[in-house]
Amino acid sequence: MSRRLHLEIFRYNPLDPDSVPRMQSFYVNEYDSMTLFIALNLIREEQDPGVQFDFCCRAGICGSCGMVINGRPGLACHTQTRDLPDHIVLHPLPVFKLIGDLSVDTGTWFRNVGKRIEAWVHTDDTAFNPADEESRMENALAEQIFELDRCVECGCCIAACGTARMREDFMGAATINRVARFYIDPRDKRSDDDYYDVIGNDEGVFGCMGLLGCEDVCPKKIPLQDQLGIMRRMLALNSVKGILPKGILDRLRHKGCCHEKH
Ligand code: SF4
Ligand code: SF4
Ligand code: FES
């Protein structure tokens, strides 16, 4: 027998001076394969057209429908209601600016950190020549870069991060993963010192408490902890560069203590 779901939704419009933050209850009949996104759409279509939440692709690709689902950040379109109890409590993602109800502005946040880490390939090539032959890359390396490029910027890992919630300048796991993506890209000519300047501080790798909240909630299953570890080791080795003899540093690198730049 299908369940009657009780959805308790955070309601607040920060642009309306009369709006007061509150929880509002809605009820929908569950059916097979219902996602949380479908339940929210039913509420909007049949009960309250004013409920605000974001979506675009409905397939876990655009990253817009992130919200806190019974205390855990996740994507509404990626969440089957059958995996939840019949009482579902929904809040907007913390850390990001609230637009209204369950809708937050992740775009501005990600654009700003993207500028801080200069999230583009820093190459010596000054001009694009369409007549040039395409530059080649080993398949294995291209796949490694693609793996890190799968982030959909949903913000779930940032919302789950204790450090990001305590300090608004913390870049978060998604950003450090993005740095790792450029670090392993052979076309990017930045040195270890350049990377140290970007993430070798409390706003970057050293602010991370390593409690794994980010990786646990990532809907794309990106190995965020591996990237945090690789970046941390690279920075640590870089900071003893002038102290340890080069031979020892090289040996540590070859032992896999540092992800070598290709
Ligand atoms: S491991 Fe680091 S980045 Fe991930 S949630 Fe914890 S503090 Fe945040
Ligand atoms: S790393 Fe995962 S959880 Fe974080 S923003 Fe990207 S897709 Fe979302
Ligand atoms: S609607 Fe695109 S990720 Fe959910």
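Everything in this summary refers to the structure shown in the same document.

About the criteria used
- Residues numbered from 1 in each chain as written.
- Chains lettered and ligands numbered in written order.
- Predicted model: local features only at pLDDT ≥ 70, side-chain atom pairs only at ≥ 80, totals over all residues.
- Core = buried A, V, L, I, M, F, W, Y, C linked by C-beta atoms within 7 Å.
- Buried ≥ 20, exposed ≤ 12 C-beta atoms within 10 Å, placed from the backbone.
- Helix = DSSP H or I, 4+ residues; strand = E, 2+ residues; numbered from the N terminus.
- Domains from an automatic or database assignment.
- Contact = placed C-beta atoms within 7 Å.
- Arc of directions from axis to C-beta.
- Axes fitted to C-alpha atoms, helices over the stretch in contact; angles between N-to-C directions.
- Parallel < 35°, antiparallel > 145°, perpendicular 65-115°, else oblique.
- Nonpolar A, V, L, I, M, F, W, Y, C, P; charged D, E, K, R; others polar.
- Near = placed C-beta within 6 Å.

### Describing the nonpolar core
Across soluble globular proteins, nonpolar side chains show a tendency to be buried alongside one another.
Item 1. If you look at the biggest cluster of nonpolar residues, it comprises 60 residues, and the most contacted ones within it are L7, M67, A76, C157, I176, V179 and M231.
Item 2. At seven residues, the largest contribution of residues to this core is made by helix α6 (residues 172-183).
Item 3. Mapping this core onto the domain boundaries places at least three of its residues in each of domain 1 (4-41 + 51-104) and domain 2 (117-257).
Item 4. Non-local contacts of I176, meaning those with residues more than four positions away in its chain, are made with M171, I199, G204, V205, Q227, L228 and M231.

### Some remarks on helix α7 (residues 192-199)
Item 1. Regarding α7, the residues found buried are Y195, V198 and I199. Down the axis of α7, the buried side of the element spans an arc of 70 degrees, and every buried residue falls inside it. Every exposed residue of α7 that faces more than 90 degrees away from the buried side is listed here: D193 and D197.

### A short note on the packing of α6 against α7
Item 1. The geometry of α6 relative to α7 is characterised by a closest axis approach of 12 Å and an angle of 170 degrees between their N-to-C directions. Judged on the interaxial angle alone, α7 and α6 are roughly antiparallel. In contact with I176, V179 and Y183 of α6, α7 contributes Y195, V198 and I199.
Item 2. Tallied by class, the residues present in the contact of α6 with α7 amount to six nonpolar, no polar and no charged.

### Here's the deal with the site of ligand 1
Item 1. Neighbouring ligand 1 are 13 residues; C161, A173, C208, G213 and C214 lie closest to it.
Item 2. Of all elements in the fold, only α5 (162-166), α6 and α8 (213-217) reach the threshold of two or more residues within the shell around ligand 1.

### Side note on the site of ligand 2
Item 1. Close to ligand 2 lie 14 residues; C151, C154, C157, A174 and C218 are nearest.
Item 2. Secondary-structure elements contributing two or more residues to the shell around ligand 2 are α4 (156-159) and α6.
Item 3. Along the lines of polarity and charge, the residues of the shell around ligand 2 split into ten nonpolar, two polar and two charged.

### Some thoughts on helix α1 (residues 36-46)
Item 1. Residues L36, F37, A39, L40 and I43 constitute the buried set of α1. Seen end-on, α1 carries its buried residues on one side only, within an arc spanning 165 degrees. Exposed residues pointing more than 90 degrees away from the buried face of α1 are listed as E45 and E46.
Item 2. Its buried side turned inward, α1 meets β1 (4-11), β2 (22-29) and β3 (66-69).

Function cannot be read off these values alone, since they describe shape.
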